[in-house]
Amino acid sequence: SSGINAECPLRPGTRARKLVRKDGGIAKFVSLLQIPGHVNIEALKEDKQAVELLRCAALGLCSLSKSSKNKRKMKNSGLIMYLSKLITLEVEAILVPVVATLSECSVDPEYRAAICEGGIIQYLSKFLESENQELVSHCANAIFHCAEDSLTRSLIRQHNGLEPLSRLVRNTENVTMLEGVTGAIWKVAIDHENCEIFKVLRLCEQLVPLLHNQPEEVMINVAGSIAECAKIPENIEQIRKSNGLIHLVNLLSGTNPTLLINVAHALGKCATEPDSASIIDKYDGVRLLWSLLKSPNPNVQSSAAWAICPCIDNNKDAGEMVRSLVGGLELIVSLLKSENREVLASICSAVANIAKDEQNLAVLTDHGVVPILSKLVVDHSTDDYVRGHIADAIGRCCVWGNNRKEFGARKVVKPLVKYLKSKEPFVYKAAAMALFHLSLEPDNCIVMHENHAKQWLVNMVGDDDWVLQEAAAGCIANIRHLALANDMAQSSKR
């Protein structure tokens, strides 16, 4: 072990890692971590030379693990099995490099699964209580990576890892540790049950001050954490009362795409509450979100569009607010030509919300929303995620002028009837709503009848959703009225 120490020369970017792998050194390093079955564990803990050997071997492997090829070789050599035994020793000198190696390797999905199955999560949760900040930092980073999996998030809760994470955000002096802790919180907060615990711990009140005067990496994690916690109304209230909305809006002027995406997600979740939506608008948040639609990054565009939807939906003066944004509606219509499905889905959702205001719908129509939506119906005839939002937008846009007739002329009725066959409730409900509005135009009813829309709509009349019931029944009634009028016209001719 004398050749391996804390200042191990196997630095990232050097050829050393490759040479060790090529010369079969990785398997030898891993074998150094093996503890023979006959060894007395308590005696081992007191053996300074044995502890130093294990520590140095773990340090070497930590450095070697910065190569993805080395990671695979290490995994095949049984690394996780040995680390899962070493972590149970709870010897701090060994724990730091062991957990550092786990943290480095946990970026790989296969490692994450092995870490979860190896019973390591309980120790990572336990060591969050350690006084050693380096160890805590590595534990938090490992949790950040591993908590992509729902089982891991559940295990962290079961092993009482949430409370120490909540306490650790108060330590703002150690930025490296703070980055890991906030990252871990972000990922574990994906689970609703974990958010409920964070609500009781009043975590959001502690996170809000970290939205300014911190490195971008920390603020990215904090914004992501707030976005996840905002699934619960009480957490939104904590964010609002702590002036978190103002800090989030201020971050919309930044340039880091990941930060902008997380901030937009957070604002979108908070805007589901009318009081929060009002504050976001008051501090210019809607205008700044709209400006993000001009970003060249499609992920930024879509996250901004999703955030705009509840801002419109929960604002009493939404129509006037949207009209005050010069060129805003033209920009929305232009983004319907995007080739990114997430952008399309979010923009169609935005169109559906904007179209609730008659004046704004008139402007959307003038900018050519009808022909673009008509083309999208055909182009995305099999993608349920997008077509539900397309149908929703069409239904909302039908109520202005001759839009129903133009949609029919552009042959949207037949593909919309096919949408009724989807197994996704949002898709067939949106299609039924759109067809109901289109059925107020007689020519559209003929196409619906010819494409056997009625047989699908009849089943929906018995659905538990009364909105869907009314749309399906209304559509059937309009088709029947046309058929009856046609029969009467035929009879009069005879």
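Residues numbered from 1 in each chain as written. Predicted model: local features only at pLDDT ≥ 70, side-chain atom pairs only at ≥ 80, totals over all residues. Heavy atoms only, no water.

Examining the overall build of the protein chain
When helices and strands are tallied, the protein chain shows 34 helices and zero strands. The C-alpha atoms of the protein chain give a radius of gyration of 29 Å, which is well past the 23 Å a tight globule of 494 residues would have. Its C-alpha atoms give the protein chain principal-axis dimensions of about 110 × 45 × 40 Å. Looking at the protein chain residue by residue over its 494 residues, the buried ones come to 53%. Of the contacts made within the protein chain by residues no fewer than 6 positions apart, 73% connect residues no fewer than 24 positions apart. When the accessible area of the protein chain is evaluated, it comes to approximately 22,700 Å², of which 50% is carbon and sulfur surface. Taking the average place of the 54 positive charges on the side chains of the protein chain and the average place of its 56 negative ones, the gap between the two points comes to 6 Å. (Helix = DSSP H or I, 4+ residues; strand = E, 2+ residues; numbered from the N terminus. Rg over C-alpha atoms; globule rule 2.2 N^0.38 Å. Buried < 20%, exposed > 50% of the residue type's maximum accessible area, 1.4 Å probe, protein only. Contact = heavy atoms within 4.5 Å. Areas by Shrake-Rupley, 256 points an atom, 1.4 Å probe, with all protein chains shown as cover. Lys, Arg positive; Asp, Glu negative; His and termini not counted. Charge placed at Lys NZ, Arg CZ, Asp CG, Glu CD.)

Examining the environment of Leu86
With respect to the secondary-structure elements, Leu86 resides in helix H6 (residues 79-86). Look at Leu86 and you get buried, because its relative accessible area is 0%. Separated by 53 residues in sequence, Leu86 and Leu33 place their C-alpha atoms 7.7 Å apart. In this view, Leu86 contacts Leu33, Ile35, Leu54, Ile94 and Val98; residues no more than four positions away in its chain are not counted.

Concerning unusual backbone geometry
The backbone phi angle of Asn213 is positive, close to 60 degrees, even though this residue is not glycine. Considering the arrangement of structural elements, one finds Asn213 in the loop between helix H15 (203-207) and helix H16 (216-229). With phi around 75 degrees, Asp284 is a residue other than glycine that occupies positive phi space. Take Asp284: it is sitting in the loop between helix H20 (274-282) and helix H21 (285-291).

Quick notes on the side chain of Asn256
Summarising the element assignment, Asn256 is placed in the loop between helix H18 (244-251) and helix H19 (257-270). For Asn256, the side chain forms a polar contact with the side chain of Glu216, separated by 2.9 Å. A polar atom in the side chain of Asn256 sits 3.0 Å from the backbone nitrogen of Thr258. Residues within four places of Asn256 in sequence aside, it is in contact with Glu216 and Ile220. (Polar contact = N/O pair within 3.5 Å; in protein donor to acceptor, adjacent residues only side chain to side chain.)

With respect to the packing of aromatic side chains
Evaluation of the coordinates by the stated rule reveals two aromatic pairs. Between Tyr123 and Phe127, the aromatic rings sit 6.1 Å apart at their centres with planes inclined by 35 degrees, giving tilted as the arrangement. As far as the burial class goes, Tyr123 and Phe127 line up, both buried. Between the NZ or CZ atom of Lys187 and the centre of the ring of Trp186, over which it lies, the distance is 4.1 Å. In this structure, Arg387 is placed above the aromatic ring of Tyr419, and the distance from its NZ or CZ to the ring centre is 4.8 Å. (Phe/Tyr/Trp six-rings, centres within 6.5 Å; stacked < 30°, edge-to-face > 60°. Lys NZ or Arg CZ within 6 Å of the ring centre and 35° of its normal.)

Section: the pattern of salt bridges
Per the counting criterion, the structure on display carries 23 salt bridges. In this structure, Arg167 engages Glu129 in a salt bridge whose closest nitrogen and oxygen atoms are separated by 2.5 Å. Separated by 38 residues along the polypeptide, Arg167 in helix H12 (residues 162-168) and Glu129 in the loop between helix H9 (121-126) and helix H10 (133-146) bring together distant segments of the chain. What makes Arg167 partly exposed here is its relative accessible area of 33%. Overall, Glu129 belongs to the partly exposed group, its relative accessible area being 46%. (Salt bridge = Lys/Arg side-chain N within 4 Å of Asp/Glu carboxyl O.)

Side note on the confidence of the model for the protein chain
The predicted structure's coordinates, where accompanied by low pLDDT, should not be read in detail. Averaged over all residues, the pLDDT of the protein chain is 91; the fraction at 70 or higher stands at 94%. Within the model, the stretch residues 1-10 combines pLDDT values under 50 with 16 contacts to residues more than four positions away or in other chains. (pLDDT = per-residue confidence, 0-100.)

Things to note about the layout of surface pockets
Its volume calculated, the largest pocket comes out at about 280 Å³. As for the largest pocket, its lining consists of Ala355, Lys356, Asp392, Gly395, Arg396, Val399, Phe426, Lys429, Ala430, Met433, His437 and Val467. Among the elements of the structure, helix H28 (384-397) and helix H31 (425-438) are those that each provide at least two residues to the lining of the largest pocket. Counting residues per element, the lining of the largest pocket draws most heavily on H31, which supplies five residues. (1 Å grid on protein atoms, 1.4 Å probe; cavity = no way out; pocket = protein on both sides within 12 Å on 5 of 7 lines; lining within 4 Å. Points joined across faces, edges and corners; volume = space filled by probe spheres on them.)

What to know about a positive patch on the surface
Taken together, Arg15, Lys18, Lys22, Lys69 and Arg72 make up a surface patch of like positive charges. Position of Arg15 among the secondary structure elements: in the segment before helix H1 (16-22). (Patch = residues over 30% accessible without salt bridge, like charges linked within 9 Å, V, L, I, M, F, W, Y side chains within 5 Å.)

A few points about the packing of H10 against helix H13 (residues 175-188)
Packed helices, taken two at a time, are described by the angle their axes make and the gap between the axes. In the contact formed by H10 and H13, the axes pass within 8 Å of each other and the chain directions differ by 30 degrees. Between H10 and H13, the interaxial angle falls into the category roughly parallel. For the pair H10 and H13, the crossing hand works out as left-handed. The segment H10 lies against H13, with Gln133, Val136, Ser137, Ala140, Asn141, Ile143 and Phe144 engaging Thr176, Met177, Gly180, Val181, Gly183, Ala184, Trp186, Lys187 and Val188. Looking at the contact of H10 with H13, its residues break down into nine nonpolar, six polar and one charged. (Axes fitted to C-alpha atoms, helices over the stretch in contact; angles between N-to-C directions. Parallel < 35°, antiparallel > 145°, perpendicular 65-115°, else oblique. Left-handed = near helix turned anticlockwise from the far one by under 90°. Nonpolar A, V, L, I, M, F, W, Y, C, P; charged D, E, K, R; others polar.)

So, the side chain of Asn262
When you line up the elements, Asn262 lands in helix H19. By relative accessible area, which is 6% here, Asn262 ends up buried. The contact partners of Asn262, leaving out residues within four places of it in the chain, are Trp186, Ile220, Ala223, Gly224 and Ala227.

Brief notes about the packing of H19 against helix H22 (residues 298-313)
Following both chains from N to C, one finds H19 and H22 inclined at 15 degrees, their axes separated by 8 Å at the closest point. Classified by the angle between their axes, H19 and H22 sit roughly parallel to one another. Our pair here, H19 against H22, has a crossing hand that is left-handed. Note on element contacts: H22 touches H19 through Asn299, Val300, Ser303, Ala304, Ala307 and Pro310, opposite Pro257, Leu260, Ile261, Ala264, His265 and Gly268. For the contact of H19 with H22, the class distribution of residues is eight nonpolar, four polar and no charged.

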